[in-house]
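Each chain is listed here by its residues.
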Amino acid sequence: MISTYSNIHRGFLQACSLHGTMTVKDAAKIMVHLFGQNQPNDPIPDEQRLQELIDQINPKLSRFQQKIVLLESDPKQPNYVVFANLSDSPLDRFQTAYPAGELSFFRVVLHELATTEGHKLEQIEWLNLTTKIEEGRSLTKSRAEELLSEWVGAGYLVLDEDGIGFGPKTQVEFDRYLLNNFPDQVEQCRLCKEVLFYGIKCAKCSVSMHKTCAKKYFKKVKNCPACKKAWTVALD
């Protein structure tokens with residue numbers, strides 16, 4: 001892998017900033033293209049090297065309160081690369097983009113997803129959430145349907161056969177907000193202590209971990225870090 005900051009890093013950062021949220025597959029294609037342009041004689045890098053590239057870029061972003069995150073998502077969703085702006089509250093940014101009623105609706109959505117088991121809502125429940133908006137603010141159901149598409153497209157939500165869930169951008173930018181406001185419903189990974197939305201659980205004690213954290217841990221240890229019993233849950 002490259003050891004000095006180069007046009008590969010600059011090009012990848014530019015792509016992340018432009019797209020905001022990408023699947024790991026798409027981010028890997030960009031990385032391969034950049035290597036082909038700038039170091040054509042080197043071996044073609046694979047997806048496993050994305051994290052190394054990201055780790056080399058992030059120190060340059062820290063002073064701007066930005067970072068790139070390789071996010072392990074819902075098992076039924078692809079993993080993502082997210083460009084995160086941490087310079088202010090994500091709700092403050094929402095406030096500049098959406099009127100009061102729509103901001104209130106987004107708060108309701110965060111509350112419902114955080115407090116619902118599995119952090120998933122059935123799509124049929126979406127329109128009913130408009131009745132929970134703060135008093136004095138309103139939102140039509142047709143606009144709520146538009147917002148669902150808009151927020152899925154922006155990466156704030158995901159929509160699949162199981163319903164509506166936290167999108168990659170929300171998982172990265174709203175992690176502290178959700179942990180602070182819903183400490184009894186939002187978990188932390190047992191190993192890295194970061195917020196955990198969709199991970200794996202021990203079959204014996206139900207402690208939760210990111211799958212990537214667990215894979216690193218169980219290379220050296222075969223027992224659960226909490227109950228110390230043999231780990232039996234598949235990591236693939």
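The text that follows walks through the structure, step by step, so that each part is easy to find.

What follows deals with the sheet that holds strand β4 (residues 120–121). Pairing between the strands of a sheet is mediated by backbone hydrogen bonds and can be parallel or antiparallel. One open sheet holds the three strands; their spatial order is β4-β6-β5, and the pairing between them is antiparallel. Only two strands of the sheet have a single partner each, and these edge strands are β4 and β5 (157–160). Summarising the sheet, β4 and strand β6 (residues 163–166) pair through two bridges and their orientation is antiparallel. What sits directly across from K120, in β6, is G165. Each of β4, β5 and β6 touches helix α5 (residues 100–115); the most contacted strand, β6, lies at about 95 degrees to it.

Quick look at the environment of P40 now. Structurally, P40 can be placed in the loop between α2 (24–38) and α3 (50–61). Classification of P40 by relative accessible area gives exposed; the value is 57%. As a C-alpha pair, P40 and C205 span 165 residues in sequence and 49 Å in three-dimensional space.

Bringing the side chain of H119 into the picture now. You can see H119 is positioned in the loop between α5 and β4. For H119, the contacting residues outside a window of four places in its chain are L113, A114, I164, G165, F166, Q185, F197 and Y198.

As a further point, take the sheet that holds strand β1 (residues 21–23). Pairing within the open sheet is antiparallel, and its three strands lie in the order β1-β3-β2. Two strands in the sheet have a free side with no partner beyond their single neighbour: β1 and β2 (66–71). Within this sheet the neighbouring strands show an average axis-to-axis angle of 15 degrees, counted without direction. Note that β2 and strand β3 (residues 80–85) share six bridges and pair antiparallel. Bridge pairing in β3 places L70 opposite V81.

Here the structure, examined in full by the defined rule, presents ten salt bridges. Here E173 and R93 are joined by a salt bridge, their closest N and O atoms 2.8 Å apart. One end of the pair, E173, is in helix α7 (residues 168–173); the other, R93, is in helix α4 (residues 90–97), and 80 residues separate them in sequence. R93 gets classed as partly exposed once you look at its relative accessible area, which sits at 21%. With a closest N to O distance of 3.2 Å, E112 and K132 form a salt bridge. Here E112 is found in helix α5, whereas its partner K132 is found in the loop between β4 and α6 (141–153), with 20 residues between them in sequence. Residue classification places E112 among the buried residues on the basis of a relative accessible area of 14%. K132 gets classed as partly exposed once you look at its relative accessible area, which sits at 46%. By sharing partners, the salt bridges in this structure join E102, R143, E146 and E150 into a single network.

Calculation rules
Residues numbered from 1 in each chain as written. Predicted model: local features only at pLDDT ≥ 70, side-chain atom pairs only at ≥ 80, totals over all residues. Heavy atoms only, no water. Pairing = 2+ DSSP bridges. Helix = DSSP H or I, 4+ residues; strand = E, 2+ residues; numbered from the N terminus. Contact = heavy atoms within 4.5 Å. Axes fitted to C-alpha atoms, helices over the stretch in contact; angles between N-to-C directions. Buried < 20%, exposed > 50% of the residue type's maximum accessible area, 1.4 Å probe, protein only. Salt bridge = Lys/Arg side-chain N within 4 Å of Asp/Glu carboxyl O.

Shape descriptors only; they carry no functional weight alone.
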